[in-house]
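Working through the structure, step by step
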Amino acid sequence: MLNLWNVAAGTRLQTLIERSLVNIPLPLANSIVADVELISGSIPTGTRLENNIITGTVYEVSYDTTFNAVFRATTDTGFQDCTIEFVVTGPDSPTWIVQLGKLLLAYFL
């Protein structure tokens, strides 16, 4: 059996902060030369898979969001799939901006 990944399936690679620049190498086993492709699921919005690295700027999220992606590593001798989890955190609390003074209520009859 091939062992192309150095993490167990379902591993959370990293918790990412919204609006941050990332360059995350995929956890291929040492000295493995493999072509990796995303075959199912999704990676954080704003990122892309490029040369076995997740790279880009993570888009802002409304709430903590989990992305599950299945990657396939392929070598001359075969392939192996691995599910990897990414969590994007950092949603902002609403900020209320109001002028100081009396609160006016309007009634419509």
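Everything that follows concerns the structure shown earlier in this document.
**A look at the sheet that holds strand β3 (residues 35-41)**
With mixed pairing, the 4 strands of this open sheet are ordered in space as β1-β7-β6-β3. A single partner strand is all that each edge strand has here, and the edge strands are β1 (11-17) and β3. If you compare each strand with its neighbour and ignore which way they point, the axes differ by 30° on average. In the sheet, β1 pairs with strand β7 (residues 78-89) via 6 bridges, with the strands oriented parallel. Counterpart to I17 in the pairing with β7 is T89.

**Re the side chain of E18**
In this structure, E18 sits in the loop between β1 and β2 (21-25). In this structure E18 touches V58, Y59, E60, V61, V88, T89, G90, P91 and D92, once residues within four positions along its chain are discounted.

**A few points about the sheet that holds strand β4 (residues 47-50)**
Taken in spatial order, the 3 strands make up an open sheet running β2-β5-β4, and their pairing is antiparallel. Across the chains shown, the open sheet's two edge strands, defined by having one partner strand only, are β2 and β4. Across the sheet, the mean angle separating the axes of adjacent strands is 15° when strand polarity is ignored. As judged from the 5 bridges shared by β2 and strand β5 (residues 53-57), these two strands associate in the antiparallel manner.

**Describing the environment of V61**
Following the sequence through the fold, V61 ends up in the loop between β5 and β6 (65-75). According to the relative accessible area criterion, V61 is buried, its value standing at 12%. C-alpha of V61 to C-alpha of P44: the two residues are 17 residues apart in sequence and 9.8 Å apart in space. In contact with V61, other than residues within four places in its own chain, are E18, V88, T89 and P91.

Cut-offs used in this document
Residues numbered from 1 in each chain as written. Predicted model: local features only at pLDDT ≥ 70, side-chain atom pairs only at ≥ 80, totals over all residues. Heavy atoms only, no water. Pairing = 2+ DSSP bridges. Helix = DSSP H or I, 4+ residues; strand = E, 2+ residues; numbered from the N terminus. Axes fitted to C-alpha atoms, helices over the stretch in contact; angles between N-to-C directions. Contact = heavy atoms within 4.5 Å. Buried < 20%, exposed > 50% of the residue type's maximum accessible area, 1.4 Å probe, protein only.

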